Amino acid sequence: MRVQTLGQFIIEKQADFPYAKGELSRLLRDIGIAAKIVNREVNKAGLVEILGETGETNIQGEKVKKLDVFANEQFIAALKAGGECCAIASEENEDIIPIDNEVSANARYVIAIDPLDGSSNIDVNVSVGTIFSIYRRTTLNGPGTIEDFLQRGTEQVAAGYVIYGSSAMLVYTTGKGVNGFTLDPSIGEFCLSHPEMKMPETGVIYSINEGNYLHFPEGVKKYIKYCQEEDLATNRPYSSRYIGSGVADIHRNLIVGGVYIYPTTTKSPKGKLRLLYECNPLAFIVEQAGGKATDGKTRIMDKEIKELHQRTSLFIGCSDMVEKAMEFMHLYAEKAV
Ligand code: P6P
């Protein structure tokens, strides 16, 4: 198969965007460059003084790992230098990062990013990922503002993730299907390896942290029991797979089928995952691949964004599996107190 690099692919597909004069292509290139640098550090994390915690906690109240900080710095630097982005919202930063340099004077896009999702897995050599979401700015000029980020997921122009696993992969969509690129370290390029990715019609894997079972909504408890019942006709019981890194779980489900659920819990009464830079981009990709993403009731990409680090519950994966889980949520809906 002809080797097609991410850069070649982006340029070839650029013709799909009459309005874009290459800005979106350059943005995706900038993200690809930062991803290669982060991957290099993730790969040698055990060898250099980059493991462990910084001693700080981020806006989420989570302990910050050194690789989190490194990844955040790399993506911010690459996007600032690239000149196509007028502001960044990051999981690692409480407020947006307005970009007001010369090269970005005419930037038309804003990026929301989770620079290193699943970072609690770094020190134990388990896959981690980066998630990004790209919007056209809504404000007219100057550095971007928070208004530019308070847009529904349906307004995204592109979204993607990088998974730093047994190999590094970059998977993205611009609303015309999903394509996956695997990093070839011998040439330092992401090469097209998974063209036109499609979520399988159904699956036999469910991903959820059952440690929170006691605090799940009744509908989720019933769905878990449904997954565990014996029923050959519907290939049950399903298998439970939970990596603790959403990108890795959702990437596996995108390839072999499955459903990932992070519902509300007592510890996370509004859900744990963040709408802007985790759920919306993952929802855009999964929907473009033929799957579904809701909060158990409402389509993720239709939800209104009121604040930068807004949380939501997430039911994402094969359409029929998400719909079945939603049926249980509807059937056992707790009366709002
Ligand atoms: P828990 C990582 O922090 C993350 O946001 C997702 O990537 C992952 O699936 C989930 O949280 C893990 O959370 O509470 O199960 O450890």
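## Looking at the overall build of the protein
Here's step 1: What the protein contains, in helices and strands, is seven helices and 17 strands.
Here's step 2: The C-alpha atoms of the protein give a radius of gyration of 19 Å, which matches the 20 Å a tight globule of 337 residues would have.
Here's step 3: For the C-alpha atoms alone, the extent of the protein along its principal axes is close to 60 × 50 × 45 Å.
Here's step 4: In the protein, which comprises 337 residues, the share counted as buried stands at 55%.
Here's step 5: For the protein, the accessible surface area stands at approximately 14,900 Å², while carbon and sulfur atoms represent 51% of it.
Here's step 6: The distance from the centre of the 36 positive side-chain charges to the centre of the 44 negative ones in the protein is 2 Å.

## Description of the site of the ligand
Here's step 1: Around the ligand sit D117, G118, N209, Y242, G244, S245, G246, Y260, Y262, K272 and E278, and that is every residue in its neighbourhood.
Here's step 2: Measuring from an oxygen atom of the ligand, one finds a side-chain N or O atom of N209 at 2.9 Å.
Here's step 3: Separating an oxygen atom of the ligand from a side-chain N or O atom of Y262 is a distance of 2.6 Å.
Here's step 4: Relative to its unbound accessible area of 400 Å², the ligand is 82% covered by the protein chains.
Here's step 5: Given that more than half its atoms are within 2 Å of the pocket grid, the ligand belongs to the largest pocket.
Here's step 6: Within the shell around the ligand, the residues separate by chemical class into three nonpolar, five polar and three charged.

## With respect to the nonpolar core
Here's step 1: Ranked by size, the top nonpolar core spans 61 residues in total, and within it F149, Y161, Y223 and L276 carry the most contacts.
Here's step 2: Within the second largest apolar cluster, 41 residues are counted, among which are L27, I76, I88 and L116.

## Some points on the packing of helix α2 (residues 23–43) against helix α3 (residues 66–82)
Here's step 1: Contact pair α2 / α3: the axes reach a minimum separation of 9 Å and the direction vectors enclose 155°. In this view, α2 runs roughly antiparallel relative to α3, as classed from their interaxial angle. Here α2 and α3 pass one another in a crossing that is right-handed. In this structure, α2 uses L27, R29, D30, I31, A34, A35, I37, V38, E41 and V42 to contact α3, whose residues at the interface are L67, F70, A71, Q74, F75, A78, L79 and G82.

## Some points on the domain arrangement of the protein
Here's step 1: The domain architecture assigned to the protein consists of domain 1 (6–194) and domain 2 (205–336).
Here's step 2: Taking only C-alpha atoms, the centre of domain 1 and the centre of domain 2 are 24 Å apart.
Here's step 3: Taken together, the contact between domain 1 and domain 2 spans 48 residues of the former and 32 residues of the latter.
Here's step 4: Note on domain 1 versus domain 2: buried area summed over both sides is about 2,900 Å², and carbon and sulfur give 65% of it.
Here's step 5: Of all residues in domain 1, the largest losses of buried area upon contact with domain 2 belong to I131, R152 and Y161, amounting jointly to 19% of the total for that side.
Here's step 6: Between R274 and E91 there is a salt bridge whose closest N-O contact spans 2.7 Å.
Here's step 7: At the surface where domain 1 touches domain 2, the tally comes to twelve residue pairs in polar contact (both at pLDDT 80 or more).
Here's step 8: Secondary structure elements with two or more residues in the side of domain 1 that touches domain 2: β3 (85–90), β5 (109–117), β6 (128–136), β7 (158–164) and β8 (168–173).
Here's step 9: Along the lines of polarity and charge, the residues of the side of domain 1 that touches domain 2 split into 22 nonpolar, 18 polar and eight charged.

## Focus on the packing of helix α1 (residues 6–14) against α2
Here's step 1: Viewed as axis vectors pointing N to C, α1 and α2 meet at an angle of 165°, and their least axial separation amounts to 10 Å. Comparing their axes, α2 and α1 come out roughly antiparallel. Note on packing geometry: the crossing formed by α1 with α2 is right-handed. For the pair α1 and α2, the contacting residues are L6, I10 and Q14 in the first and S25, L28, R29 and G32 in the second.
Here's step 2: Of the residues that constitute the contact of α1 with α2, the class distribution is three nonpolar, three polar and one charged.

Quick notes on the rules
- Here, residues in each chain are numbered from 1, in the same order as that chain's written sequence.
- With pLDDT at 70 or above as the cut-off, local features in this predicted model cover only qualifying residues; side-chain atom pairs require 80 or more to be listed or tallied, and sums for whole chains, interfaces and linings still use all residues.
- With hydrogens and water excluded, all non-hydrogen atoms of the structure serve as input to the side-chain values.
- Numbered from the N terminus, helices here are DSSP runs of H or I no shorter than four residues, and strands are runs of E no shorter than two.
- Every radius of gyration here is taken over C-alpha atoms, with the globule rule written as 2.2 Å times N^0.38, N being the number of residues.
- Buried, partly exposed and exposed residues are distinguished by accessible area as a fraction of the type maximum, computed with a 1.4 Å probe on protein chains only: under 20%, between the cut-offs, and over 50%, respectively.
- The protein chains shown are the only cover counted for residues, whose accessible areas, like all others here, come from Shrake-Rupley with a 1.4 Å probe.
- Positive charges come from Lys and Arg, negative ones from Asp and Glu, while His and the chain ends are left out of the count.
- Lys charges are placed at NZ, Arg charges at CZ, Asp charges at CG and Glu charges at CD.
- Proximity is defined per residue: if any heavy atom of the residue lies within 4 Å of a molecule or strand, that residue is considered near it.
- Polar contacts, as counted here, are pairs of nitrogen or oxygen atoms within 3.5 Å of one another; within protein the pair requires one atom able to donate a hydrogen and one able to accept it, and residues that are adjacent in sequence qualify only if both atoms are side-chain atoms.
- Note on definitions: the grid is 1 Å and covers protein atoms alone; a cavity is a set of points where a 1.4 Å probe fits but cannot get out; a pocket is an open set with protein on both sides within 12 Å along at least five of seven lines; lining residues have an atom within 4 Å of a point.
- Think of it this way: if more than half of a molecule's atoms are within 2 Å of a pocket's grid points, that molecule is in the pocket or cavity.
- In this classification, Asp, Glu, Lys and Arg are treated as charged, Ala, Val, Leu, Ile, Met, Phe, Trp, Tyr, Cys and Pro as nonpolar, and every other residue, Gly included, as polar.
- For this analysis, a nonpolar core means a set of buried residues of the types Ala, Val, Leu, Ile, Met, Phe, Trp, Tyr and Cys, connected via side-chain atoms within 4.5 Å.
- Axis definition: a line fit to C-alpha positions, over the contact stretch in the case of helices; interaxial angles, taken between N-to-C directions, run 0 to 180 degrees.
- These descriptions rest on fixed angle ranges, namely under 35 degrees for roughly parallel, over 145 for roughly antiparallel, 65 to 115 for roughly perpendicular, and the rest for oblique.
- The sense of a crossing depends on the near helix, which, turned anticlockwise from the far helix by less than a right angle, makes the crossing left-handed and, turned clockwise, makes it right-handed.
- Any two residues having at least one pair of non-hydrogen atoms within 4.5 Å are treated as being in contact.
- Start and end points for every domain follow an automatic or database-based domain assignment.
- Buried area counts how much accessible surface, traced with a 1.4 Å probe, disappears from two parts once they are put together, with both parts' losses summed.
- Any Lys or Arg side-chain nitrogen located within 4 Å of an Asp or Glu carboxyl oxygen qualifies as a salt bridge.

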